[in-house]
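So the chains spell out like this:
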Amino acid sequence: VGFEMVDRIARDEGITMNTIQSKSLLGVGLIGEVPVLLIKPQSYMNYCGEAIGPLAAYYQVPLRHILVIYDDMSLPNGVLRLQRKGGHGRHNGLQNVIEHLDGCREFPRLSIGIGSPPGKMDTRAFLLQKFSSEERIQIDTALEQGVDAVRTLVLKGFSGSIERFNLVQKYKFNRA
């Protein structure tokens, strides 16, 4: 779902993903008046740091301006969370990014909840299966909300609106 989020951002902001560099598909454009570089690593997810690290160095992107977007099995399906920094939370792709940013964890990340495997289902099988129609609706809603959150983050930084965003996300599927 991380790629789907990048695709939505590109579509909504009019950014064409048409350059290949450092094992990645890139798009350069603007969000508002802020220049952005969108990256979709073309390696296996567990090795995406091999693309992100060199590109961050080449374009001299400060860590605080890198936003890694990834799926998160520890969050309910369709729930988003924005963080200023953090660990890898046993996410192999995120761990690889940290390794290729010289062990630094001080970069923002947007995690997209995909829920956890039911019962004793194999994790790999769970990650590779298609979403149910209800799950797909939740993911599509999350992608729309995620684009707004990314736009706010790029234009205003981590402000009170981001904290409110996280609070709303935390309880969005709770029924009263």
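Everything in this summary refers to the structure shown in the same document.

Here is what the cut-offs are and how they apply
- Residues numbered from 1 in each chain as written.
- Predicted model: local features only at pLDDT ≥ 70, side-chain atom pairs only at ≥ 80, totals over all residues.
- Heavy atoms only, no water.
- Patch = residues over 30% accessible without salt bridge, like charges linked within 9 Å, V, L, I, M, F, W, Y side chains within 5 Å.
- Areas by Shrake-Rupley, 256 points an atom, 1.4 Å probe, with all protein chains shown as cover.
- Salt bridge = Lys/Arg side-chain N within 4 Å of Asp/Glu carboxyl O.
- Helix = DSSP H or I, 4+ residues; strand = E, 2+ residues; numbered from the N terminus.
- Core = buried A, V, L, I, M, F, W, Y, C linked by side-chain atoms within 4.5 Å.
- Buried < 20%, exposed > 50% of the residue type's maximum accessible area, 1.4 Å probe, protein only.
- Contact = heavy atoms within 4.5 Å.

As for a nonpolar patch on the surface
Taken together, the side chains of Met-73, Leu-127 and Leu-128 make up a nonpolar region of the molecular surface, amounting to roughly 300 Å² of accessible area. Structurally, Met-73 can be placed in the loop between strand S4 (68-72) and strand S5 (80-83).

Observations regarding the nonpolar core
With 27 residues, the main nonpolar core has Met-5, Ile-9 and Leu-82 as its most contacted residues. Every element with two or more residues in this core is listed here: helix H1 (2-13), strand S2 (24-31), strand S3 (34-41), S5, strand S6 (109-113), helix H5 (133-156) and helix H6 (160-170). Here this core takes seven residues from H5, the largest share from any one element. Other than its neighbours up to four places away in sequence, Ile-9 contacts Ile-31, Leu-38, Ile-69, Val-147 and Val-150.

Examining unusual backbone geometry
Phi angles above zero are rare outside glycine, and Ser-22 is one such case at about 50°. Relative to the helices and strands, Ser-22 is located in the loop between strand S1 (17-21) and S2. Even without being glycine, Lys-23 reaches a positive phi, approximately 60°. Counting through the fold element by element, Lys-23 comes out in the loop between S1 and S2.

Such coordinate-based values are descriptive only and should not be taken to indicate function.
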